[in-house]
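The chain contents come next:
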Amino acid sequence: MDLEKSPEPARGEGCLVVAIRVPVRIVVLVLVVPVRMVCDALVVAGRFLNDTVFRPLGRALLWAGRAVFVWPFAGLWRHVLVPSGRALGWLGKVLLVLPAVAFHRHVLTPLGHAAVWVYARVLTPLGRACATAGTAVWAGLAWLGRHLVVLPSAWVYRWVLTPLGHAGAWCGKGLLWAVTVLVTGIGAGLYWTARVLLVLPALAVRRRVLVPAGRLLGVVAREVGAAFGHAWRVAGYLSPAVGRFLGTLLRWTFAEPARWAYRRVLTPVGHVVRDTVLRPAAEAGRRVGRATRQALASARLTAGQARADIRRMLVGAPRTPRPDRGRGGARARDPREASGRRDLLTKG
């Protein structure tokens, strides 16, 4: 690292730069290392929270948002709005479009043809006659305007206004030259006064004071920036080392004892409890369940037989089915079908 190098002055650097660099780097290193460690800890905590909290929470919120907002609106759009829109479109076509088309075809089109005929046969000849009359009137007015207004105005402009304008322009040029000379002299005096009283002292202050001070501040700022970068890199080496140390300490302080206790103590105890308590209890529960199921089955069988006996005493024994004789000859019924029907009658 840069701290292991000897602070020899580099090419183009003086003793002042080296004297500023070493204490600045020490101070900045002391200030930056805790900040870098806190930043690394916050990054690790943020990644842990993102993996364990924020990402599952975001997925749950996304699913809830879909269930609350997207799916109901999609169902509303698909099953309500689209059929309603189609029905409204059909009604609009039947109630508006078809009547409008019929009105246009049977009313407006004949009226338009009549209007075209009136325009072609009546308005066009009348407009042409009006245009001819207007052209003649406009030509007369133009001839009167030329001889009564334009020609007299041109004579006045040429023989009266033009000489007066030339005289005024000559007088204005002379006045502008005098004002220009006066303003130039005043400006030159003010320029030299301001240069002597303000500019030259300001240049001297800039050259003798501000430039050296700026160079010194530039050196200090450059060294401070370099020191911050160096300290940040050093903190980047120290922070993982401290993190590994803390992780190892936590592992040997909490994780390894807990794992040893789970493996050496809790696991044998759990096996003993499973073998001596849980398995016998489960076997006893299964035996009790089997005995209960057998008792319930016996009770159901006894109840069925009792119902059959009561039915037999009240109604009588069921009739024995006779063999069915079809067209093809005598054919006895299936014994299994007869026994099934008898069992149904008995249980009923």
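Residues numbered from 1 in each chain as written. Predicted model: local features only at pLDDT ≥ 70, side-chain atom pairs only at ≥ 80, totals over all residues. Heavy atoms only, no water.

Engineer: Quick question: what am I supposed to make of the overall build of the protein chain here?
Structural biologist: Secondary structure summary: the protein chain contains two helices and two strands in total. Counting helices and strands in the order they occur from the N terminus, the protein chain gives α-β-β-α. Evaluated residue by residue, the protein chain yields a buried proportion of 6% over its 348 residues. Long-range pairs, those at least 24 residues apart, make up 67% of the contacts in the protein chain with a sequence separation of at least 6. Here the protein chain has roughly 29,300 Å² of accessible surface; of this, 70% comes from carbon and sulfur atoms. (Helix = DSSP H or I, 4+ residues; strand = E, 2+ residues; numbered from the N terminus. Buried < 20%, exposed > 50% of the residue type's maximum accessible area, 1.4 Å probe, protein only. Contact = heavy atoms within 4.5 Å. Areas by Shrake-Rupley, 256 points an atom, 1.4 Å probe, with all protein chains shown as cover.)

Engineer: I'm lost on the pattern of salt bridges in this one. Help?
Structural biologist: Pairs can form between side chains of opposite charge once their charged atoms are near each other. For the structure shown, the criterion picks out seven salt bridges. Residues R279 and D275 are paired through a salt bridge, measuring 3.4 Å at the closest nitrogen-oxygen approach. Placement of the pair is R279 and D275 together in helix α1 (residues 15-315), with a separation of four residues, close to one helical turn. Across the salt bridge formed by E283 and R287, the nearest N and O atoms sit 3.7 Å from each other. Taken together, the residues span about one helical turn, with E283 and R287 both in helix α1 at a distance of four residues. Each of E283, R286, R287 and R290 takes part in a single network of salt bridges with overlapping partners. (Salt bridge = Lys/Arg side-chain N within 4 Å of Asp/Glu carboxyl O.)

Engineer: Is there a simple way to explain the packing of aromatic side chains in this structure?
Structural biologist: To describe a pair of aromatic rings, one takes the distance between the centres and the angle between the planes. Per the counting criterion, the structure on display carries two aromatic pairs. Relative to W71, the ring of W63 lies with its centre 6.1 Å away and its plane at 85°, an arrangement referred to as edge-to-face. On the accessibility criterion, W71 (46% relative accessible area) is partly exposed. (Phe/Tyr/Trp six-rings, centres within 6.5 Å; stacked < 30°, edge-to-face > 60°.)

Engineer: I'm lost on the confidence of the model for the protein chain in this one. Help?
Structural biologist: Looking at the protein chain as a whole, its pLDDT mean stands at 80, while 85% of the residues score no less than 70. Ignoring residues within four places in sequence, the model shows residues 326-333, a span with pLDDT below 50, making nine contacts including any to other chains. (pLDDT = per-residue confidence, 0-100.)

Engineer: Help me understand the nonpolar core, please; the structure alone is not making it clear to me.
Structural biologist: Buried together is how nonpolar side chains tend to be arranged in soluble globular proteins. By size, the foremost hydrophobic cluster in this structure holds six residues: I20, V24, V28, V32, A227 and A231. Discounting chain neighbours no more than four positions away, the residues touching V28 are A227, F228 and A231. (Core = buried A, V, L, I, M, F, W, Y, C linked by side-chain atoms within 4.5 Å.)

Engineer: Quick question: what am I supposed to make of a nonpolar patch on the surface here?
Structural biologist: Among the surface-exposed residues, W63, V68, F69, V70, W71, F73, L76, W77, V80 and L81 lie close enough to one another that they form a single nonpolar patch of about 1,100 Å² accessible area. Along the polypeptide, W77 turns up in helix α1. Using a relative accessible area of 56% as the deciding quantity, one classes W77 as exposed. (Patch = residues over 30% accessible without salt bridge, like charges linked within 9 Å, V, L, I, M, F, W, Y side chains within 5 Å.)

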